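# Fold and geometry: a report
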Amino acid sequence: MNSKWIPAIALAGLAAQQAHAEELTISCGAVGAELQLCEEGVNAWEEKTGHSVDIVSTPNSSTERLSFYQQILSAQSSDIDVMQIDVIWPGLLANHLVDLKDQLGDDVAEGHFEAIVENNTVDGRMVAMPWFTDAGVLYYRKDLLEKYDAEPPETWQELTETARRIKQAEREAGNEDMWGYVFQGRAYEGLTCNALEWIASSGGGTLIDSDGEITIDNEQAAEVLDLAATWIGDISPEGALNYTEEQARGIFQSGDAVFMRNWPYAWSLAQSEESEVRDKVGVVALPHGEGNESAATLGGWNLAVSRYSENPELAVDLVQYLTSKKEQKRRAIEASYNPTIDALYQDEEVIEAVPFFKTLYPAFTNAVARPSAPTGDKYNRVSNSFFNAVHNVLSGNQSGAEAVSQLDSELSRIKRRRW
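The sections below set out a description of the structure shown in this document. (Residues numbered from 1 in each chain as written. Predicted model: local features only at pLDDT ≥ 70, side-chain atom pairs only at ≥ 80, totals over all residues. Heavy atoms only, no water.)

### Here's the deal with unusual backbone geometry
A negative phi holds for most residues other than glycine; trans holds for most peptide bonds. Positive phi outside glycine occurs at Asp 123, with the angle close to 50°. Looking at where Asp 123 falls in the secondary structure, it is placed in the loop between β4 (121-122) and β5 (125-126). A relative accessible area of 76% means that Asp 123 is categorised as exposed. A positive phi is found at Arg 416, a non-glycine position, where the angle reads about 55°. Within the secondary structure layout, Arg 416 lies in the segment after α20 (400-415). Looking at Arg 416, the relative accessible area reads 71%, which means it is exposed. (Helix = DSSP H or I, 4+ residues; strand = E, 2+ residues; numbered from the N terminus. Buried < 20%, exposed > 50% of the residue type's maximum accessible area, 1.4 Å probe, protein only.)

Written out as C-alpha cells, the structure reads:
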C-alpha cells in the first residue's frame, strides 16, 4: 500500500481546522446562471477556508424576496448570515445589517463605483458590498436590421417605426410569430425600471427628484406613456403586459422579436449554443426622446451581513471574497454580469467576452437611480403606485395625462409632510 508521510504538525493543524470549521448560510440567487455562479464562488471559498456554506433558497421575485428578508430580520433570526440585496434596499434594511467598515476598514470598497458605494452607505455605515451592477440596454437583431437596411434606433419614435416595419415585412414573408419589441410590462418593479427610462429620457424627470419633490405630473411624461401604450398589440404582443425579464428574453432568444429591452445578463444567454439568435445580436444604449439623452435605470445587487449572524466576522470574509476583483472578473466572463470594479472595464479578457461593456461604459456609470434614497421606507409604496399607473396606461384604461395627474395626488398622500 502506498502512503504519503504527513508531518505531525500538519496533521495537528488539519485537525484544528476541522475542529473549528463553521457553517454559514447565504441567499444569493434563485435560479439559473445566477445561482450556479454563486454556488461556484461559494465552493471556492469553502475550499480556501475549510468552512462550509449552505445556500438558502429564496423567491425569484425581488418583491417576494424583500418580504422574506424582512420577516427573517424583524424576528432577529440568525437563519441567514449573508443576504443578496437589491440596490434599492440598503436604506430599508440598514438597521439590521453589519457595518462592513467596522470589520474591513474605511477603504473596504476602494476601486468600486463610487455611486454604488454611496448608495450602500447609510448614515455613514456601509451596510452592503457592491457585487454586480446593472443598467437597462437595448438588444437588437443585427441580421434583420441589415436585411431591411435599418440602423439601431436612437429615439423611441424611431424604435416604434423600425420595429413596425420589420415586423410587418417578416410576417408578410411568412414569419407569423415575429414581434417588433419586447420589454418588461408586468405590474411589478421591472415596469418601474422601464417606465423610468422612458420618462427620464424624454425630459419628464425621475418621478421624484433627489430633494424628495414629486415631479411626475408633466406633459413629457404623459406623452411618452401614451407612445408606449401604442406598442401593445402593434409592435409588442398583448402578453407583454405580463412579461418579466425572462418572458421577454424567451421571445427574443427564440428569434421572434426584433428589439428587446433587458439587463446585460441576457447577453451570454443569447450567445449560448442553444440560442436561436446566437451571433445575430447587437447591444446599444436605450433610445431617448427627441432632443434628449438616453437614460438607463440603475440596477444591480449587493451582499450584506445580518446583524443577527452568529459568525459575523466569517460572514464578512465570505462577502469580501465573493465581491473581489477575481470573482467579479469570473462572473463577467462566464455570464456577462457587470462588475462594480472600475478597472475590470479595461480588462482585455472581460471586453473580449462582453464587447459592449466597453462601448456602453458611460451608460453603466451614469445610470438613473430609482427614488429609493429620498423616499426611504416608503419607496415600495411609491414604486407600486408608479408601476400600477403605468400599467393602466399600457392596458388602455387611462391616458398618460390622467395617469400622471392621479399619480401625483397618490404620491402626495404617501408623502404627506415628508418622506
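### Considerations on the pattern of salt bridges
Inspection of every chain in the model, using the stated rule, returns 12 salt bridges. One salt bridge connects Glu 197 with Arg 261, and the closest N-O pair in it is separated by 2.8 Å. Placement of Glu 197 in helix α9 (residues 189-200) and of Arg 261 in strand β9 (residues 257-262) is noted, with a sequence separation of 64 residues between them. Each member of the pair, Glu 197 as well as Arg 261, carries the same accessibility label: buried. One network of salt bridges, in which partners are shared, links Glu 40, Glu 327, Arg 330 and Glu 334. (Salt bridge = Lys/Arg side-chain N within 4 Å of Asp/Glu carboxyl O.)

### What about the nonpolar core?
By size, the foremost hydrophobic cluster in this structure holds 135 residues, and its most contacted members are Trp 198 and Ile 216. Considering each element in turn, this core owes the most residues, 8 residues, to helix α19 (residues 379-394). For Trp 198, the contacting residues outside a window of four places in its chain are Trp 156, Phe 183, Leu 191, Val 224, Leu 225, Ala 228, Trp 231, Val 390 and Leu 394. (Core = buried A, V, L, I, M, F, W, Y, C linked by side-chain atoms within 4.5 Å. Contact = heavy atoms within 4.5 Å.)

### Concerning the state of the cysteines
Counted according to the given criterion, the structure contains 1 disulfide. Bridging Cys 28 to Cys 38, the disulfide has an S-S length of 1.7 Å. On the S-S bond that ties Cys 28 to Cys 38, the torsion sits near -85°, and the link is left-handed. Note that Cys 28 is positioned in the loop between β1 (23-27) and α2 (32-49) and Cys 38 in helix α2, a separation of 10 residues in sequence. Assigned by exposure class, Cys 28 and Cys 38 land together as buried. (Disulfide = S-S within 2.5 Å.)

### Describing the layout of surface pockets
Roughly 850 Å³ of volume is contained in the largest pocket. Lining the largest pocket are 32 residues, with Glu 34, Asn 60, Glu 245, Tyr 265 and Trp 301 sitting closest to its centre. Only α2, α3 (62-74), β6 (129-135), α9, α11 (245-253), α12 (266-270) and β11 (298-305) provide two or more residues apiece to the lining of the largest pocket. The dominant element in the lining of the largest pocket, judged by the number of residues it contributes, is α11, at 4 residues. Looking at the lining of the largest pocket residue by residue, the class counts come to 11 nonpolar, 11 polar and 10 charged. Considering the residues around the second largest pocket, the lining is formed by 23 residues, among which Asn 119, Leu 298, Ala 367, Ala 369 and Arg 370 are closest to the centre. Of all the secondary-structure elements, those providing two or more residues to the lining of the second largest pocket are α6 (114-119), α17 (361-365) and α18 (372-375). (1 Å grid on protein atoms, 1.4 Å probe; cavity = no way out; pocket = protein on both sides within 12 Å on 5 of 7 lines; lining within 4 Å. Points joined across faces, edges and corners; volume = space filled by probe spheres on them. Nonpolar A, V, L, I, M, F, W, Y, C, P; charged D, E, K, R; others polar.)

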